[in-house]
Amino acid sequence: MHLDNLARIDLNLLVILQVLLEEQSVTRAASRLHLSQSALSKSLNRLRDTLGDPLFLRTAHGLKPTAHAVQLGQKLPNMLQGLYQLTQPPGFIPASSNRQFSFAMVESAYETLIPYFIGPLLIAAPNLKLDSYVWMEKSMQALQQGQIDFGMTGRDLHPQSDFQLKRLPEGIAHQTLFTDHQICLVRENHPVLTAIRNGNWNLDIYLEMYHVQVRCEGNDWWALDYHLAEQGQHRRISTTVPDFYGAASICAHSDLIFTLPTSFAQHAKKLYSLVELPLPIEFSPLAFVLLWHERNNDEPGHRWIRKTICKSVADAFSNISPNGLEMQD
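Conventions we followed
Residues numbered from 1 in each chain as written. Predicted model: local features only at pLDDT ≥ 70, side-chain atom pairs only at ≥ 80, totals over all residues. Heavy atoms only, no water. Phe/Tyr/Trp six-rings, centres within 6.5 Å; stacked < 30°, edge-to-face > 60°. Helix = DSSP H or I, 4+ residues; strand = E, 2+ residues; numbered from the N terminus. Buried < 20%, exposed > 50% of the residue type's maximum accessible area, 1.4 Å probe, protein only. Lys NZ or Arg CZ within 6 Å of the ring centre and 35° of its normal. Core = buried A, V, L, I, M, F, W, Y, C linked by side-chain atoms within 4.5 Å. pLDDT = per-residue confidence, 0-100. Contact = heavy atoms within 4.5 Å. Pairing = 2+ DSSP bridges. Polar contact = N/O pair within 3.5 Å; in protein donor to acceptor, adjacent residues only side chain to side chain. Axes fitted to C-alpha atoms, helices over the stretch in contact; angles between N-to-C directions. Parallel < 35°, antiparallel > 145°, perpendicular 65-115°, else oblique. Left-handed = near helix turned anticlockwise from the far one by under 90°. Nonpolar A, V, L, I, M, F, W, Y, C, P; charged D, E, K, R; others polar. Arc of directions from axis to C-beta.

A. Spotlight on the packing of aromatic side chains. As enumerated under the stated definition, the model contains twelve aromatic pairs in all. Centroid distance W222 to F244: 6.2 Å. Interplanar angle 40 degrees. Geometry classified as tilted. Here W222, found in the loop between β8 (210-214) and α11 (223-230), pairs with F244, found in helix α12 (residues 244-252); they are 22 residues apart in sequence, far enough to count as distant. Look at W222 and you get buried, because its relative accessible area is 10%. When the centroid spacing of 6.1 Å and the interplanar angle of 45 degrees are considered together, the rings of F244 and F258 count as tilted. Within this pair, whereas F244 is found in helix α12, its partner F258 is found in strand β10 (residues 257-261), the two being separated by 14 residues in sequence. Taken as a pair, F244 and F258 share a single burial class, namely buried. In this structure, R306 packs its charged tip against the face of W292, placed 4.5 Å from the ring centre.

B. Structural detail: the nonpolar core. Ranked by size, the top nonpolar core spans 37 residues in total, and within it L113, F117, M152, L291, I305 and I309 carry the most contacts. Looking at this core, the elements that each hand over two or more residues are β3 (100-105), α7 (114-124), α8 (139-145), β5 (150-156), β6 (172-180), β12 (286-293) and α14 (300-317). With seven residues, the single largest contributor to this core is β12. Grouped together as the second largest cluster of nonpolar side chains are 19 residues, L14, L17, L47 and A69 included.

C. Unusual backbone geometry, seen in detail. Residues other than glycine seldom take positive phi values, yet Q24 does so here, at roughly 50 degrees. Mapped onto the elements, Q24 comes out in the loop between α2 (12-23) and α3 (26-33).

D. Region of the structure containing the confidence of the model for the chain. Chain-level pLDDT for the chain is 88 on average; 91% of the residues reach the 70-or-more range. Counted against residues more than four places away or in other chains, residues 319-324, with its pLDDT under 50, gives ten contacts.

E. Quick peek at the pairing of β12. Counting buried residues along β12, eight of its eight residues qualify, which places the element largely inside the surrounding structure. Residues of β12 alternate between two faces, with L286, F288, L290 and W292 on one and A287, V289, L291 and H293 on the opposite face, all of them buried. Both β5 and β12 contribute to a ladder of six bridges, which runs antiparallel. Within the sheet, the bridge partner assigned to G151 lies in β12 and is L291. Two elements, β6 and β12, share eight bridges in a ladder whose sense is antiparallel. Its bridge partner being in β12, D180 is matched across the sheet by L286.

F. How the structure looks around the environment of S254. Within the secondary structure, S254 sits in the loop between α12 and β10. Taking C-alpha positions, S254 is 8.6 Å from H190, a pair spaced 64 residues apart along the chain. Sequence-distant contacts of S254, defined by excluding residues within four places in its chain, comprise R187 and H190. A distance of 3.1 Å separates the side chain of S254 from the backbone nitrogen of L256, its partner in a polar contact.

G. Focus on the packing of α2 against α3. Put simply, α2 and α3 touch, their axes get as near as 9 Å, and they point 130 degrees apart. By the criterion of interaxial angle, the relationship of α2 to α3 is oblique. Pair α2 / α3 crosses with right-handed handedness. The segment α2 lies against α3, with V15, I16, V19, L20, E22 and E23 engaging V26, R28, A29, R32 and L33. In terms of residue class, the contact of α2 with α3 is built from seven nonpolar, no polar and four charged.

H. Focus on the environment of Q37. Structurally, Q37 can be placed in helix α4 (residues 37-51). Residue classification places Q37 among the partly exposed residues on the basis of a relative accessible area of 43%. Considered as a pair, Q37 and L291 are 254 residues apart in the sequence and their alpha carbons are 35 Å apart. Apart from residues lying up to four places away in sequence, Q37 is in contact with V26, T27 and A30. Reaching out from Q37, the side chain makes a polar contact with the side chain of T27 at a distance of 3.5 Å.

I. Fine view of α7. Here α7 has its buried residues at I114, F117 and L121. Considered in projection along α7, the buried side chains sweep an arc of 90 degrees and stay on one side of the axis. Of the surrounding secondary structure, the elements contacted by the buried residues of α7 are β3, α6 (107-112), β4 (129-134), β5 and α14.

The structure is reproduced here in structure tokens:
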């Protein structure tokens, strides 16, 4: 290790480089770093001199990283996380810790999971600061880059799905919290209920109906839609919305049918007069998982958060919950 050469480098410049890589804009990066644009431009010039590369090219859409900058961006998050952990006190004492942790969660986790683990976390560590964000299309990238600490989302167990647990990005670790299956909701007095009472409920009727769909991670189709498409069949998706509560409301005030995980259906039925129907097709379940980056595997605070969440959820569901959710050992 060439420590003499390393001593000549201002490590703060690496933080600036990481923010520039994330924002690809001097204006936004300066705002995040609480610097003037002039000061940030000077730091960027120092980076260029130190690393012997232009790092960014100005375009009409902002800064475009060079190939060398892209390579650095693949290594920087882990390096900066390691440096950050060096500055933290050894160990983790929940009762006295005032650390901050961030979560990105799918909407259903707020109802299905938070009530079980938020109490145990804050009772044991009352001074923690917990920031939560909605899980979105770029949340996995944010997890990789260290912008968030944990993710909670659904992963399909269908073998053809693009969102399988086996296809998680490099460096992302996971723990399955529970597995769920899909059911359908319709409003009370929906015309299809008469047919069902007469014993008529099958895939053909399901596909003839108009559907409301939740857009997940930027995708209008779910694994179920790809599964049906393989068989030359398609749902008639009439309305697509960004959240489950919006879809439940539309379902309650129209003749649209809503297909969703049973865990969220229980909450929707408390708000609206909705009737639950079985999905008229055998289909693989989905897993709700806790995600984090491998760089935090052994970090004491992260490890304690993970253990508390997993134990709290497992204790709450107690192997099989009343609504049929299956827990993972």
